[in-house]
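Listed here are the chains, written in short residue letters.
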Amino acid sequence: IGDATLTCLLTIDDLKLENLYMSSNNITSAVSTVLADFLATNPRLKELDLQNNMLDDWGAELIANALRSNTTLRQLNLY
């Protein structure tokens, strides 16, 4: 679905996702800030799959920092 659609999805107020499977969707680090904000503030998300996308080290670092305040995510797939 790509960056634009994911950005729109993750900025919906009161989005109640428990699982988000975004494998092989051409997601780049351009959406990393929005994704990191979502991870840091979404208390329901338990699984996130971002494998086979185009995230770089900067995007991975933003996600890692967001996980410091996320206590519910149990599974993260980046590879």
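A few points on the structure. From a predicted model like this one, the values you see are computed outputs, not experimental measurements.

The next thing to look at is the environment of Leu-45. Position of Leu-45 among the secondary structure elements: in the loop between α2 (32-41) and β2 (47-49). Expressed as a C-alpha distance, the spacing of Leu-45 and Gly-2, which sit 43 residues apart in the sequence, is 20 Å.

Mapping Met-22 onto the fold places it in the loop between β1 (19-21) and α2. By relative accessible area, which is 5% here, Met-22 ends up buried. For the pair Met-22 and Leu-6, spaced 16 residues apart in sequence, the C-alpha separation works out to 8.8 Å.

What follows deals with the sheet that holds β1. Spatially, three strands are ordered β1-β2-β3 in an open sheet, and the strand pairing comes out parallel. Of all strands in the sheet, those with a lone pairing partner are β1 and β3 (75-77), marking the two edges. Strand-to-strand twist across the sheet, computed as the mean angle between neighbouring axes with direction ignored, equals 5°. Of the pairings in the sheet, the one linking β2 to β3 comprises three bridges and is parallel in character. Bridge pairing in β3 places Leu-48 opposite Leu-76.

Scanning all chains against the criterion turns up one salt bridge. In this structure, Lys-16 engages Asp-14 in a salt bridge whose closest nitrogen and oxygen atoms are separated by 2.5 Å.

Leu-6, Leu-20, Leu-39, Leu-45, Leu-48 and Leu-50 are the most contacted members of the largest nonpolar core, which totals 17 residues. For this core, the secondary-structure elements that each account for two or more residues are α1 (2-10), α2 and α3 (57-66). For this core, the element with the most residues is α2, which contributes four residues. The residues contacting Leu-50, other than those within four sequence positions of it, are Met-22, Ile-27, Leu-35, Leu-55, Ile-63, Asn-77 and Leu-78.

On to α2, then. An α-helix turns once per 3.6 residues; consequently, residues spaced three or four apart project the same way. Of the positions making up α2, those classed as buried are Ser-32, Leu-35, Ala-36, Phe-38 and Leu-39. Looking straight down α2, one finds its buried side chains confined to an arc of 160°; they lie on one side. Looking at the buried side of α2, the elements it contacts are α1, β2 and α3.

Thresholds applied
- Residues numbered from 1 in each chain as written.
- Predicted model: local features only at pLDDT ≥ 70, side-chain atom pairs only at ≥ 80, totals over all residues.
- Heavy atoms only, no water.
- Helix = DSSP H or I, 4+ residues; strand = E, 2+ residues; numbered from the N terminus.
- Buried < 20%, exposed > 50% of the residue type's maximum accessible area, 1.4 Å probe, protein only.
- Pairing = 2+ DSSP bridges.
- Axes fitted to C-alpha atoms, helices over the stretch in contact; angles between N-to-C directions.
- Salt bridge = Lys/Arg side-chain N within 4 Å of Asp/Glu carboxyl O.
- Core = buried A, V, L, I, M, F, W, Y, C linked by side-chain atoms within 4.5 Å.
- Contact = heavy atoms within 4.5 Å.
- Arc of directions from axis to C-beta.

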